[in-house]
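Chain by chain, the residues:
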Amino acid sequence: MYVRQVKACGNLSCFCANLIKLWLSPIGTRLMGRGWWLLIDSYPIPLYATPPLIDPISFFQPSNLVLVGKKQELQ
């Protein structure tokens, strides 16, 4: 297998959204039960659309990398 493309993804806003989600979830599940997950999984959706707009002007490095690979053909 060889790597065809490496793309940076995620930015400070995505990192912060995930951090908030991580820290608030223990409290939210106690207060709201399963309804918490519907709320907390839908609030950051607009933030996840921002990397193409924010990454080029951000001072922070992307938080993730996506590798696209291709499997070599057997001969």
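Only a predicted model underlies this, so the values are computations on that prediction, with no experimental measurement involved.

**A closer look at the overall build of the chain**
Link 1 in the chain: Counting secondary structure elements, the chain contains 4 helices and 2 strands.
Link 2 in the chain: From first element to last, N terminus to C terminus, the chain shows the α and β order β-α-α-α-α-β.
Link 3 in the chain: Taking 75 residues into account, the globule formula puts the C-alpha radius of gyration at 11 Å, and the chain, at 17 Å, lies well above it.
Link 4 in the chain: Of all 75 residues assigned to the chain, the portion counted as buried reaches 16%.
Link 5 in the chain: Partitioning the contacts of the chain with sequence separation of at least 6, the portion at a separation of at least 24 is 82%.
Link 6 in the chain: Per element, the accessible surface of the chain, about 6400 Å² overall, is 67% carbon and sulfur.

**Observations regarding helix 1 (residues 12-32)**
Each full turn of the α-helix corresponds to 3.6 residues, which orients residues three or four apart in the same direction.
Link 1 in the chain: Spanning 21 residues, helix 1 covers 28 Å between terminal C-alpha atoms, matching the ideal 30 Å at 1.5 Å per step.
Link 2 in the chain: Its maximal kink placed at Ser 25, helix 1 deviates by approximately 50 degrees, while the proline Pro 26 follows within four residues.
Link 3 in the chain: Among all positions in helix 1, only Ser 13, Cys 14, Ala 17, Ser 25 and Gly 28 are buried.
Link 4 in the chain: Where helix 1 terminates, the next one or two residues include Gly 33, which has phi positive at roughly 65 degrees.

**Here's the deal with the environment of Lys 21**
Link 1 in the chain: By the secondary structure assignment, Lys 21 is in helix 1.
Link 2 in the chain: On the accessibility criterion, Lys 21 (22% relative accessible area) is partly exposed.
Link 3 in the chain: Once the C-alpha coordinates of Lys 21 and Val 66 are considered, the two residues, 45 residues apart in sequence, prove to be 22 Å apart.
Link 4 in the chain: Beyond its immediate chain neighbours, meaning those up to four positions away, Lys 21 contacts Ile 40, Asp 41 and Tyr 43.

**Topic: the confidence of the model for the chain**
If pLDDT is low for a region, its predicted coordinates should not be looked at in detail.
Link 1 in the chain: In the predicted model, the chain carries a mean pLDDT of 78, and 92% of its residues have values of at least 70.
Link 2 in the chain: Helix 1 holds the highest mean pLDDT among the elements of the chain, 84, whereas helix 4 (residues 51-54) holds the lowest, 69.

**So, the environment of Gly 35**
Link 1 in the chain: If you trace the backbone, Gly 35 turns up in helix 2 (residues 35-42).
Link 2 in the chain: Once the C-alpha coordinates of Gly 35 and Met 1 are considered, the two residues, 34 residues apart in sequence, prove to be 42 Å apart.

**Remarks on the packing of helix 1 against helix 2**
Link 1 in the chain: The interhelical angle for the contact between helix 1 and helix 2, taken along N-to-C directions, is 150 degrees, at an axis separation of 8 Å. Classed by the angle they form, the pair helix 1 and helix 2 counts as roughly antiparallel. Crossing hand, helix 1 versus helix 2: right-handed. Between helix 1 and helix 2, the contacting residues are Lys 21, Leu 24, Ser 25, Gly 28, Thr 29 and Met 32 on the first element and Gly 35, Trp 36, Trp 37, Leu 39, Ile 40 and Asp 41 on the second.
Link 2 in the chain: Across the contact of helix 1 with helix 2, the residue classes break down as 6 nonpolar, 4 polar and 2 charged.

The rules behind the values
Residues numbered from 1 in each chain as written. Predicted model: local features only at pLDDT ≥ 70, side-chain atom pairs only at ≥ 80, totals over all residues. Heavy atoms only, no water. Helix = DSSP H or I, 4+ residues; strand = E, 2+ residues; numbered from the N terminus. Rg over C-alpha atoms; globule rule 2.2 N^0.38 Å. Buried < 20%, exposed > 50% of the residue type's maximum accessible area, 1.4 Å probe, protein only. Contact = heavy atoms within 4.5 Å. Areas by Shrake-Rupley, 256 points an atom, 1.4 Å probe, with all protein chains shown as cover. Expected span 1.5 Å × (residues − 1). Bend = angle between axes of the 7 residues up to and from the residue. pLDDT = per-residue confidence, 0-100. Axes fitted to C-alpha atoms, helices over the stretch in contact; angles between N-to-C directions. Parallel < 35°, antiparallel > 145°, perpendicular 65-115°, else oblique. Left-handed = near helix turned anticlockwise from the far one by under 90°. Nonpolar A, V, L, I, M, F, W, Y, C, P; charged D, E, K, R; others polar.

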